[in-house]
Amino acid sequence: MKIAISKRETKETLVYLALWLLLFIAPVITYLIRVMSHGASFRWSEVLEVWSVLLVYLIVFVIHNFLLAPLLIYRKKKLLYFFWVFCVLVVFTFYQCTTRKQHHWGGPPQHEMMGPGNHEGAMRHNGFDGGPMGRAEDRPPLIEEVSLEDDSIGHPMDAPADDRMAGGLPRVKIDEMPDSVREKEFGPWQGFRGGEPLMMTLNNAIGLIIVLLTIGMNLGIKLYFKSDEDAKELRELEKKSLEQQLAYLKYQINPHFFMNTLNNIHALVDIDPEKAKDTILELSKMMRYVLYEGDKQVIPLQRETDFLKTYISLMRLRYTDKVKISVDIPERMPEAGIPPLLLITFVENAFKHGISYKQDCFIKIKMSLDDDRLKFTCKNSKVLAKEGDNENVGGVGLANVKQRLELLYGNNYTLDFDEAEDTYEVLLLLPLNKKQLS
């Protein structure tokens, strides 16, 4: 059975491996620097001792990363997550308070300070300043004094010289003391830690803080990669939604455009059959453009303007000289892209709502380039609609182009309508991006 691993999980795992590898390499580098600078001997035992501490934090991290964090991030079970995190913290704290070897942050372990000749430093480490052995009323009961009361320990003078403390007293390990003496002097809980009281020390508090920071780091990295993945999925959904909306809008444009063009051909059949035949040929070229270019997101600006000119030339055949049609479009356009069938809507509306056979009318279409922006204007005269004339009622094409502009350009475009008593003008400003064609 194959297990699929996503790119997010791979990147997240690599980050964890890098962090933990740095943590485990750090003590080796530290001891190497000490050896090179102070000439001390490199002892792997010290490195292994630090690694044993890091191993505990690594175990906590693994438990949280693979078992607990998914409860919160993927399954949204907050109460269950916090309950188990609390249990892990309790177990970790209990382990720290009951472990036999305590590590001291910022200095050597306390048992190293209790070696031959170091008893004075150990007493000062614990806060007793009354001379080499501290004041008699302040110092804690000595293990050696208690141990001498029990015959099973042996006579002090029988102890080897290396096992004696400062002052000639033998150094007796608490683990080697009889249970009766150890419990009498230190209490029944000392079996867990070899003589130190079961309590939260500064070192334990620091360890707990490090565990909390490890859990927080783990959650932060997981949430970062999860939010990044969610953002990518959202962008993909938005892209698919945009494509579906644009496809729907194009399907609206095509029937709307062909309906108007067929109406023009129908009128030409009665006026001039030969021109109607030529118009049908031109219409076939336009249909080819719509079918093969209309499905693209971006087409060359030159093709769109050529299509626009063909449509206007067909419309000229239908009207008399009373309709003044002015077209100012450059012959050659720059290599830039534009959405297909975007400008035809404004021209269609101008012919549809601004032309009358009974009065003088005009249509002015102009296109220019200004600082990598396309400026398109379409101005036409207004004709009063006849009563019951449904042709002047619509707006499907105009609403369509507005929605397309919002989806494609966001706020980076200008579309203004200036409606006067007898004229109607459209101004459209679009950014031209040559990279759109690549």
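Keep in mind that this is a model prediction, so the values were computed, not measured.

Draft legend 1. Geometry of the packing of aromatic side chains. Going through the model one piece at a time under the given rule, you end up with 15 aromatic pairs. Centre to centre, the rings of Y311 and F351 are 6.2 Å apart; their planes meet at 80 degrees, and the pair counts as edge-to-face. Residue Y311 is located in helix α11 (residues 301-316), and its partner F351 is located in helix α12 (residues 344-353); the two are separated by 40 residues in the primary sequence. Each member of the pair, Y311 together with F351, is buried. Considering the side-chain rings of F346 and F376, the 6.1 Å spacing of their centres and the 40 degrees angle between planes classify their relative orientation as tilted. Taken together, the residues span a long stretch of sequence, with F346 in helix α12 and F376 in strand β5 (residues 373-381) at a distance of 30 residues. For the pair F346 and F376, a shared accessibility class is recorded, and that class is buried. Aromatic ring contacts, followed pair by pair, group Y16, W20, F24, Y31, F42, W44, W51 and F61 into a single cluster. Here K364 stacks its cationic end above the ring of F362, 5.6 Å away from the centre of that ring.

Draft legend 2. Summary view of the sheet that holds β5. The strand order β2-β4-β5-β7-β6 describes an open sheet built from 5 strands, whose pairing is mixed. In this open sheet, the two strands that pair with only one neighbour each are β2 (323-328) and β6 (414-419). For this sheet the average axis-to-axis angle between neighbouring strands, irrespective of direction, equals 5 degrees. Bridge analysis of β2 against strand β4 (residues 361-369) gives 6 bridges, and the strand direction is parallel. Considered in β4, the bridge of S326 is made with K364. Along the sheet, α12 makes contact with β2, β4, β5, β6 and β7 (423-431), crossing β5 at roughly 10 degrees.

Draft legend 3. Here's a closer look at the nonpolar core. Among the nonpolar cores identified, the biggest contains 47 residues, and F351, F376, L405 and L428 are the most heavily contacted of them. Ranked by the residues each element gives to this core, the list is headed by α11, at 7 residues. F351 has contacts with Y311, I312, M315, Y319, I325 and I363, leaving out every residue within four places of it along the chain. Listed in part, the 24 residues of the second largest apolar core include L54, F61, V88 and L89.

Draft legend 4. Highlighting the packing of helix α2 (residues 44-73) against helix α3 (residues 78-98). Viewed as axis vectors pointing N to C, α2 and α3 meet at an angle of 170 degrees, and their least axial separation amounts to 9 Å. Here α2 is positioned roughly antiparallel relative to α3, judged by the angle of their axes. Residue-level inspection shows V56, Y57, V60, I63, H64, L68, A69, L71 and L72 of α2 in contact with α3, the latter providing K78, L80, Y81, W84, V85, V88, F92, Y95 and Q96. Considering only residue class, the contact of α2 with α3 consists of 15 nonpolar, 2 polar and 1 charged.

Calculation notes
- Residues numbered from 1 in each chain as written.
- Predicted model: local features only at pLDDT ≥ 70, side-chain atom pairs only at ≥ 80, totals over all residues.
- Heavy atoms only, no water.
- Phe/Tyr/Trp six-rings, centres within 6.5 Å; stacked < 30°, edge-to-face > 60°.
- Helix = DSSP H or I, 4+ residues; strand = E, 2+ residues; numbered from the N terminus.
- Buried < 20%, exposed > 50% of the residue type's maximum accessible area, 1.4 Å probe, protein only.
- Lys NZ or Arg CZ within 6 Å of the ring centre and 35° of its normal.
- Pairing = 2+ DSSP bridges.
- Axes fitted to C-alpha atoms, helices over the stretch in contact; angles between N-to-C directions.
- Contact = heavy atoms within 4.5 Å.
- Core = buried A, V, L, I, M, F, W, Y, C linked by side-chain atoms within 4.5 Å.
- Parallel < 35°, antiparallel > 145°, perpendicular 65-115°, else oblique.
- Nonpolar A, V, L, I, M, F, W, Y, C, P; charged D, E, K, R; others polar.

In short, geometric facts, not functional conclusions.
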